[in-house]
Each structure stands twice: as C-alpha cells, then as structure tokens.
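Examination of the molecular architecture
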Amino acid sequence: MRRSAGTLAVVGATGQVGTVMRQIIEERKVPFERLRFFASSRSAGSTINFGQQTIEVEDVDVADLEGIDYALFSIGASASRIYAPRFAAAGATVIDNSSAYRMDSEVPLVVPEVNPGDAAHRPLGIIANPNCTTMIAMPPLAVIDRLFGLERVIVSTYQAASGAGKAGVVELDEQLRRPDLVRLTFDGAAVAFAPPQKFPATLAGNVIPLAGELRDGDTSEEEKFINESRKILGLKDLKVHATCVRVPVFTGHSIAVLAECRDQPRVERLVAELDQQPGCKVVDLPTPLACAGADAVLVGRIRRDRSSAKGVAFFVAGDNLRKGAALNAIQILELLLD
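Description of the structure in this document. (Residues numbered from 1 in each chain as written. Predicted model: local features only at pLDDT ≥ 70, side-chain atom pairs only at ≥ 80, totals over all residues. Heavy atoms only, no water.)

Attention shifts here to the pairing of strand β5 (residues 70–73). Side chains Y70 and L72 of β5 all project onto a buried face; the interleaved residues A71 and F73 project onto the opposite face, where all are buried too. Summarising the sheet, strand β1 (residues 7–11) and β5 pair through four bridges and their orientation is parallel. Counted as the bridge partner of L8 is Y70 from β5. Crossover β5 to strand β6 (residues 93–96) through helix α2 (residues 77–89) is right-handed. (Buried < 20%, exposed > 50% of the residue type's maximum accessible area, 1.4 Å probe, protein only. Helix = DSSP H or I, 4+ residues; strand = E, 2+ residues; numbered from the N terminus. Pairing = 2+ DSSP bridges. Right-handed = clockwise from strand over helix to strand, strands pointing away.)

As structure tokens, then:
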C-alpha cells in the first residue's frame, strides 16, 4: 500500500511541464492530503481546477513553506537554485526538473527504471530529474549495459520545439501558419520569415544542428547527454559523443543510437529483454507522433552495427514533456512513497 505524500507542492504549476505534472498526479491517483500550487508573482492569485478542487496559485517568493512534505519543481535552473534549498530547509523533499543540481555529487540523478537505489542518498534533500533527451535513452542503454557491457555511445538527437519551452512551440506554430511555406516545401523558393527568436535559425521546414548554447565546440544539450548518461548508468569512464538537432516537431524527442559493447551483442536477446524492461516498448517504427502521451519510450530499428563486431544500433522516441520530464519526476515521488 503506497503511503500518502502528505502535503504535496507543484512549483511551476502553470508552466508547460507543471501542467503535465498536474495531469499525471490526477491520472495516477497519487495519494496526498493537501495539494499546493506555486508559480512566480505573475501567476500568483490565479486559480487552477484540480478534480473537485479549485486551488489558488501561490507566489513562490513569499509563501509560507512550512508543512510541505514533497515538492515537484519545474521552474528553470536559476529559480531552482534559489527556491529548492528553501523548500528543502523547510522540510520538503524536492524533485527538481531543471539542470541546476544534476551534476552535484550530493544530489542523486534518477531514472526509476534504471537507478532507483540512488534516490535513497539525498543529503541536500534534493533529487534531480535528468534532461529530457538523456532520459529517453536511458532505459534501453541500461539494458544493453546489463547484457553486454557498454563501452561507447554515439547519438544523434531529433529534439522537438517543446524542449525549448512554450516560446519554442509558439515560434514553430507561427512559422507553420505561413501559407508561403508551402511554396518553400514544393519548389524551393525563398521565403522571408520573421527573424527567429528562440532558435538560431527558422525551424519550420528545416532542421537546426544546434540545440542549446555552444560551449567549446559542443552545445549545452550535448554536454548534458554526455555527463548525465555517465552519472545515471554509473559508468564514469563511458565514452559518449552526441550531436543534438532541433527538428520541426511540437512534442516528442527521438534519438538514433549506436552502442559499442564489451561483449558481442545479440540482437534477438536484446529485443526480448527490451520488451520486458519497465519503461520500454519495442515497436517497428518509433516516431514522435506514436510516443505522444505515452509513458514508455518506443524502441525500434534494432540491428547490429555492420561496421563493428561489437556494436548495436537502435532508434528511440519518447514524449519529452511526459517521460522526459513530468512523469519521471512523479515516478521518483512514487518510488519514495512505496
């Protein structure tokens, strides 16, 4: 019998991920005695309907934090650095969706299907949620490591506009509503779009091989995948290379993965094991549309690497707002309540 979360807070409740968190709490019937919603002063005072309740949104900067048992955070790294320690100091266990604490040695970085035991050691009272792209690759990579021993991982990502927040979704939507985009699609004629604001180039009808901020050749998204993969899998010396690409999709990140192993991988055994792995579903054709709203990541195109005797390739897609963010945070909460 799962115990109650007591007083449960959603911090960033009016945002893109916070909205999905609220939906999943209701869907999964997470037990609690009281539910509190927090946001910035811009949203404070507004109300949100949850089940039979109407809950007023509180200003995270001035609210009384006493009595909160668990807090699900999705307010961005800068704000998390300010407010997560305040909630923890007031007695809450914080599950933070931002990048603020992921690489802190005193903060566990948890995917419940992969490293649930790490959640027990949380000296700062904070547990970190991985980056949405990293998260989607972890369940299948954990299976490969368990079966054959991971030594090197090379990925190319196909990341949705929603990974850049509401502003990314709005920008793509506005571009796709341009009727002259049809001309560009069919005859290659030049189209003058408004200068992009959220992305470094026009996303509609395009792909952008630059997701995140450039840092000495790699981007911040690529660094997150590299560093977080090692921490989650417990493989500090794992060789990882990532190229992160933004694509004109609203929701759903996809990743082409090439994994090189210590032992020669057997595709048939891998497929059988992946189909039994919690959080994974083997399909013929994993796509962003197919994974939208799904809890599991979809894994397909599983095949041996013809350029290496010890390589295996696959394609994985997952809902970046759901499993990539909100669902994983709530699964961490459920892990603590079991």
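Below, the discussion takes up unusual backbone geometry. With a phi close to 55 degrees, K29 is a non-glycine residue in the positive phi region. Within the secondary structure layout, K29 lies in the loop between α1 (16–27) and β2 (34–39). A positive phi angle, close to 55 degrees, is found at D216, a residue other than glycine. Looking at where D216 falls in the secondary structure, it is placed in the loop between β9 (214–215) and β10 (218–219).

In this structure, F87, L141, I144 and L270 are the most contacted members of the largest nonpolar core, which totals 58 residues. Per element, the largest residue contribution to this core is 10 residues, and it comes from helix α3 (residues 132–148). Formed by 33 residues, the second largest nonpolar core is a distinct cluster that contains A13, F50, V57 and I332. (Core = buried A, V, L, I, M, F, W, Y, C linked by side-chain atoms within 4.5 Å.)

What characterises a pair of aromatic rings is the spacing of the ring centres plus the angle enclosed by the ring planes. Using the criterion set out here, one finds five aromatic pairs in the structure. Ring geometry for F37 against F50: centres 6.3 Å apart, planes inclined by 70 degrees, an arrangement best described as edge-to-face. Taken together, the positions of F37 in strand β2 and F50 in strand β3 (residues 47–50) put the pair 13 residues apart, joining distant regions of the chain. A relative accessible area of 0% places F37 in the buried class. Ring centres of Y158 and F315 lie 5.8 Å apart, and the angle between their planes is 45 degrees; on these two criteria the pair is classed as tilted. Placement of Y158 in strand β8 (residues 150–159) and of F315 in strand β15 (residues 311–318) is noted, with a sequence separation of 157 residues between them. (Phe/Tyr/Trp six-rings, centres within 6.5 Å; stacked < 30°, edge-to-face > 60°.)

What follows is about the sheet that holds strand β13 (residues 280–282). An order of β11-β8-β12-β15-β14-β13 is seen for the six strands of this open sheet, with the pairing classed as mixed. What marks the edges here is a single partner per strand, and that holds for β11 (239–246) and β13. Averaged over all neighbouring strand pairs, the angle between strand axes comes to 20 degrees, with direction disregarded. As paired elements, β8 and β11 share eight bridges and run parallel to each other. Paired with R152 across the two strands is K239, which belongs to β11. Along the sheet, α3 contacts β8, β12 (253–261), β13, β14 (297–304) and β15; its crossing angle with β12, the most-contacted strand, is approximately 25 degrees. Along the sheet face, helix α6 (residues 220–233) touches β8, β11 and β12 and points at about 140 degrees away from the line of β11. (Axes fitted to C-alpha atoms, helices over the stretch in contact; angles between N-to-C directions. Contact = heavy atoms within 4.5 Å.)

This part covers the packing of α1 against helix α9 (residues 322–337). Between α1 and α9, whose axes approach to 9 Å, the crossing angle comes to 50 degrees. Relative to α9, the element α1 is oriented oblique. Handedness of the crossing formed by α1 with α9: right-handed. Together, V17, V20, M21, I24, I25 and E27 of α1 and R322, A325, A326, L327, A329 and I330 of α9 make up the contact between the two elements. Residues belonging to the contact of α1 with α9 are distributed by class as follows: 10 nonpolar, no polar and two charged. (Parallel < 35°, antiparallel > 145°, perpendicular 65-115°, else oblique. Left-handed = near helix turned anticlockwise from the far one by under 90°. Nonpolar A, V, L, I, M, F, W, Y, C, P; charged D, E, K, R; others polar.)

With that settled, consider the pattern of salt bridges. Applying the stated criterion across every chain, the model contains 16 salt bridges. Ionic pairing is found between E58 and R36, a salt bridge with its closest N-O pair at 2.7 Å. Residue E58 is found in strand β4 (residues 53–59), and its partner R36 is found in strand β2; the two are separated by 22 residues along the sequence. Look at E58 and you get partly exposed, because its relative accessible area is 21%. A salt bridge links D61 to R86; its shortest N-O distance comes to 3.5 Å. Taken together, the positions of D61 in the loop between β4 and β5 and R86 in helix α2 put the pair 25 residues apart, joining distant regions of the chain. Note on D61: relative accessible area 42%, which makes it partly exposed. In the salt-bridge network here, residues are joined through shared partners; they are R2, E27, R28, D295, R322, E334 and D338. (Salt bridge = Lys/Arg side-chain N within 4 Å of Asp/Glu carboxyl O.)

So, about the sheet that holds β5. On the basis of which strands lie adjacent, the open sheet formed by seven strands has the order β3-β4-β2-β1-β5-β6-β7 and mixed pairing. The open sheet has two free edges, formed respectively by β3 and β7 (126–128), since each of these has just one partner strand. Mean inter-strand twist for the sheet, computed between neighbouring axes without regard to direction, equals 25 degrees. Its contacts with the sheet put α2 on β1, β2, β5, β6 and β7, and the angle it makes with β5 is roughly 170 degrees.

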